[in-house]
Amino acid sequence: MLGYDLGAALALGSALGVCRVAAAELLPAIERVVVTKMNEQAGTGDEGRSDP
């Protein structure tokens, strides 16, 4: 998994009444943890990452 569609995640948060500033601040950190864990479960780890 590469990552979330953060635009869609912000729109969903907005529809649920989440403060946009809080969502914009927290979503990237949450995304990192979720993607890392999903990749670990899939057995891919960080091998597929292209950033340093």
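The structure we're discussing is the one just above.
Just so it is clear, the structure is predicted and the values come from calculations on it, not from any experiment.

### Here we look at the side chain of E31
You can see E31 is positioned in helix α2 (residues 20–42). Although buried, E31 forms no salt bridge, and the nearest oppositely charged side chain, R32, lies 6.5 Å from it. Within the structure, the side chain of E31 is placed 2.7 Å from the backbone nitrogen of Y4, a separation counted as a polar contact. If near-sequence neighbours (up to four positions away) are discounted, E31 is found in contact with G3, Y4 and L6.

### Looking at the pattern of salt bridges
Evaluated as defined, the whole model comprises 1 salt bridge. With its nearest N and O atoms 3.6 Å apart, the salt bridge here joins E40 to K37. Separated by 3 residues within a single helix, E40 and K37 lie in helix α2, roughly one turn from each other. Using a relative accessible area of 47% as the deciding quantity, one classes K37 as partly exposed.

### Digging into a nonpolar patch on the surface
Together, Y4, L26 and I30 give the surface a local cluster of nonpolar side chains, amounting to about 270 Å² of exposed area. Assignment of secondary structure puts I30 in helix α2.

Calculation rules
Counting restarts for each chain, with residues numbered from 1 along the sequence as it is written. Totals for whole chains, interfaces and linings use every residue, but because this is a predicted model, local features are given only for residues with pLDDT of at least 70 and side-chain atom pairs only at 80 or more, for both listing and counting. The side-chain numbers reported here are obtained from all heavy atoms of the structure, hydrogens and water having been left aside. A run of H or I in DSSP counts as a helix once it spans at least four residues, and a run of E counts as a strand once it spans at least two, with each numbered from the N terminus. Exposure is judged per residue with a 1.4 Å probe applied to protein chains only, and the accessible area is read against the type maximum: over 50% gives exposed, under 20% gives buried, and values in between give partly exposed. None of His or the chain ends enter the tally, which takes Lys and Arg as positive and Asp and Glu as negative. When a carboxyl oxygen of Asp or Glu is within 4 Å of a side-chain nitrogen of Lys or Arg, the pair counts as a salt bridge. Counting of polar contacts relies on pairs of N or O atoms within 3.5 Å, with two restrictions inside protein: one atom must be capable of donating a hydrogen and the other of accepting it, and residues adjacent in sequence are counted only when both atoms are side-chain atoms. Contact criterion: two residues are considered in contact whenever any of their non-hydrogen atoms come within 4.5 Å of each other. In this analysis, a patch consists of residues with relative accessible area above 30% that form no salt bridge, clustered at 9 Å for like charges and at 5 Å for the nonpolar side chains Val, Leu, Ile, Met, Phe, Trp and Tyr. Note on areas: Shrake-Rupley, 1.4 Å probe, and residue coverage restricted to the protein chains presented here.

Keep in mind that these numbers describe shape and distance, not what the molecule does.
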